[in-house]
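Listed below, chain by chain, are the residues.
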Amino acid sequence: MPKKRSLTAQERTYGAPSSVLRRALMGGLVLAVLLAVAGLLAYLTRTESPASAKPSPPAKSTPRAASPEAADGERKAVASPPRTSDPIEFAKAATKALWTYDTRPFSRAEHVAGLKRWMTSEKKYADWASVSDQVPSPVLWSRMHDNHQHATAKVGEGHFPQAFKTALAQDPGAITEAYVYAVTVTGKQSIAWKGSGAGAESRSTTLAVQCRPDQACALVGVLPSVAP
């Protein structure tokens, strides 16, 4: 019998174009100043809507999140967020969490619940839709489960996009309302499935991360395009 294949890149495109458009058009003043005005992206934070899930506050335990393995050996659907005030360090950990999944032992609901722990508790800035769009639909998750599909990630480099740094240099005080940073992360995602199938691809993403003084960083959202 022929080996089952992994899902194509098109099949792994979870977010709907309409939701990306809404994220590009809706928003708040702070990200508009720091990102759109700089010519980085027309990405603005979404205001809460009935269709948006309510994010949970960042976890207050587990100092770092290297893998979905808990300290006591218990597996988690998604690693816990690290307690750090460094936006680049947090963005790299969040990217690894977003690119890592295991459909074999975990349900989609468990995976989504794990990602919600990474979100900022400030509803004004949280763009949960942009994060949930990274998760396969229930039907696609079921197909991936039948195929025993799972993925791991190796994160390489993280940096502030040049346009973000330029905007921040021109108006340093603009960030002090929301303390939201744009961070671009690169790395590689490795996918495996039933029948010894495997594949890998280089990936990159730009995240919006909130790091208020004296508070641990939290995820705001995933930008619709990668910023250099």
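Moving on: the overall build of the protein chain. Broken down by element type, the protein chain carries seven helices and five strands. Order of helices (α) and strands (β) in the protein chain, N terminus to C terminus: α-α-α-β-α-α-α-β-α-β-β-β. Taken across its 228 residues, the protein chain has 47% of its residues classed as buried. Once local pairs closer than 6 in sequence are excluded, the contacts in the protein chain between residues at least 24 apart make up 69%. Split by element, the accessible area of the protein chain, about 11100 Å² in all, is 56% carbon and sulfur.

Our focus in this paragraph is the pattern of salt bridges. With the rule as written, the count across this model stands at three salt bridges. A salt bridge links Asp 102 to Arg 104; the nearest nitrogen and oxygen atoms lie 2.8 Å apart. With a relative accessible area of 8%, Asp 102 lands in the buried category. For Glu 122, the salt bridge identified is with Arg 212, shortest N-O distance 2.6 Å. With Glu 122 in the loop between helix 4 (108–116) and helix 5 (128–132) and Arg 212 in the loop between strand 4 (197–210) and strand 5 (218–222), this residue pair connects regions lying 90 residues apart in the sequence. Using a relative accessible area of 18% as the deciding quantity, one classes Arg 212 as buried.

What follows concerns helix 4. Within helix 4, burial applies to His 111, Val 112, Gly 114 and Leu 115. All buried residues of helix 4 fall inside an arc of 160 degrees around its axis, so they share one side. In this fold, the buried residues of helix 4 make contact with helix 3 (87–99), strand 1 (101–102), helix 5 and helix 6 (138–146).

Spatially, five strands are ordered 1-2-3-4-5 in an open sheet, and the strand pairing comes out antiparallel. Of all strands in the sheet, those with a lone pairing partner are strand 1 and strand 5, marking the two edges. Direction of pairing for strand 4 relative to strand 5: antiparallel, over a ladder of four bridges. Residue pairing across strands places Leu 207 opposite Val 222, the latter belonging to strand 5.

Core analysis: the largest hydrophobic core is formed by 39 residues, its most contacted members being Trp 118, Val 131 and Leu 207. Those elements that provide at least two residues to this core are helix 3, helix 4, helix 5, helix 6, strand 2 (150–159), strand 3 (180–193), strand 4 and strand 5. When residues in this core are grouped by element, the largest group, seven residues, is from helix 3. Not counting residues within four places of it along the chain, the set of residues in contact with Leu 207 comprises Ala 91, Ala 94, Thr 95, Leu 98, Tyr 181, Ala 182, Val 183, Leu 219, Gly 221, Val 222 and Leu 223.

This next bit is on the state of the cysteines. Counted according to the given criterion, the structure contains one disulfide. Residue Cys 211 pairs covalently with Cys 217 via a disulfide, S to S 1.9 Å. Between Cys 211 and Cys 217 the sulfur-sulfur dihedral comes to about 115 degrees; the bridge is accordingly right-handed.

This next bit is on the environment of Thr 186. Structurally, the position occupied by Thr 186 is in strand 3. Leaving out residues up to four positions away in the same chain, Thr 186 has contacts with Trp 99, Val 155, Gly 156, Glu 157, Arg 203 and Ser 204.

A separate point is unusual backbone geometry. Among all residues save glycine, negative phi is the norm, and among peptide bonds the norm is trans. Positioned with a positive phi, Tyr 179 is a non-glycine residue whose angle comes to about 55 degrees. With respect to the element layout, Tyr 179 can be found in the loop between helix 7 (162–170) and strand 3. In the Ramachandran plot, Asp 214 falls in the positive-phi region, its phi being about 65 degrees despite a non-glycine side chain. Looking at Asp 214, the relative accessible area reads 84%, which means it is exposed.

Attention now goes to the confidence of the model for the protein chain. Confidence in the prediction for the protein chain averages 77 pLDDT; 68% of positions are at 70 or higher. Scored below 50 in pLDDT, residues 1–67 shows 152 contacts in the model against residues more than four places distant or in partner chains. Long-range and interchain partners of residues 69–73, a stretch whose pLDDT sits below 50, account for three contacts in this model, where long-range means more than four residues apart.

Looking now at the pairing of strand 4. Pairing of strand 3 with strand 4 involves 14 bridges; the strand directions are antiparallel. By the bridge assignment for strand 4, Ala 192 is matched with Ala 198.

What counts, and where the lines are drawn
Residues numbered from 1 in each chain as written. Predicted model: local features only at pLDDT ≥ 70, side-chain atom pairs only at ≥ 80, totals over all residues. Heavy atoms only, no water. Helix = DSSP H or I, 4+ residues; strand = E, 2+ residues; numbered from the N terminus. Buried < 20%, exposed > 50% of the residue type's maximum accessible area, 1.4 Å probe, protein only. Contact = heavy atoms within 4.5 Å. Areas by Shrake-Rupley, 256 points an atom, 1.4 Å probe, with all protein chains shown as cover. Salt bridge = Lys/Arg side-chain N within 4 Å of Asp/Glu carboxyl O. Arc of directions from axis to C-beta. Pairing = 2+ DSSP bridges. Core = buried A, V, L, I, M, F, W, Y, C linked by side-chain atoms within 4.5 Å. Disulfide = S-S within 2.5 Å. pLDDT = per-residue confidence, 0-100.

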